[in-house]
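In case you want the letters, here they are:
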Amino acid sequence: MAKPNKKLPERSVDVICAKCKAMLFKYKKGGKGSLVKCFKERIVIDHTDTPCECPSCGNVFARETLVRGTPAYKIIGGKTAMK
């Protein structure tokens, strides 16, 4: 499979915790679908102290993984929302 595009997408979304509505990060998202994975290189502003953990409530919202050889976060269903 091909690697993700090096050129960042135009659209930027705020990713928030579904439990406490705290801001997790600002992400450059491509495509129209829901947020399933977040490539680390596309995160513009990161508000988390510990990777994959909400800074306010401690909710674990993702797992660190490699997608097509690129570091990414695999989002756990229902733990985040986009604004």
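Being a predicted model, the structure only gives us computed values, none of them experimental. (Residues numbered from 1 in each chain as written. Predicted model: local features only at pLDDT ≥ 70, side-chain atom pairs only at ≥ 80, totals over all residues. Heavy atoms only, no water.)

Draft legend 1. Molecular detail of the sheet that holds strand β6 (residues 70-75). In spatial order, the strands read β3-β6-β5; together these 3 strands make up an open sheet with antiparallel pairing. Because the sheet does not close on itself, it has two edges, and the strands there are β3 (37-39) and β5 (62-67). Neighbour-to-neighbour, the strand axes of this sheet turn through a mean angle of 35°, independent of strand direction. Pairing geometry for β3 and β6, over 3 bridges, is antiparallel. (Pairing = 2+ DSSP bridges. Helix = DSSP H or I, 4+ residues; strand = E, 2+ residues; numbered from the N terminus. Axes fitted to C-alpha atoms, helices over the stretch in contact; angles between N-to-C directions.)

Draft legend 2. Structural view of the packing of aromatic side chains. The tally for this structure, following the rule as stated, stands at 3 aromatic pairs. When the centroid spacing of 6.5 Å and the interplanar angle of 65° are considered together, the rings of F25 and Y27 count as edge-to-face. In this structure Y27 comes out as buried when scored by relative accessible area, which is 2%. Within the aromatic cluster, the residues linked to one another by ring pairs are F25, Y27, F61 and Y73. (Phe/Tyr/Trp six-rings, centres within 6.5 Å; stacked < 30°, edge-to-face > 60°. Buried < 20%, exposed > 50% of the residue type's maximum accessible area, 1.4 Å probe, protein only.)

Draft legend 3. Inspection of the nonpolar core at higher detail. Residues V15, L24, F25, Y27, C38 and Y73 are the most contacted members of the largest nonpolar core, which totals 19 residues. Of all the secondary-structure elements, those providing two or more residues to this core are β1 (12-17), β2 (23-28), β3, β5 and β6. Apart from residues lying up to four places away in sequence, Y73 is in contact with F25, V36, K37, C38, K40, I43, P51, C52, A62, R63 and E64. (Core = buried A, V, L, I, M, F, W, Y, C linked by side-chain atoms within 4.5 Å. Contact = heavy atoms within 4.5 Å.)

Draft legend 4. Layout of the state of the cysteines. Evaluated as defined, the whole model comprises 0 disulfides. Note on C17: no disulfide assigned, nearest cysteine sulfur contributed by C57 at a separation of 3.8 Å. By relative accessible area, C17 is classed as buried at 1%. (Disulfide = S-S within 2.5 Å.)

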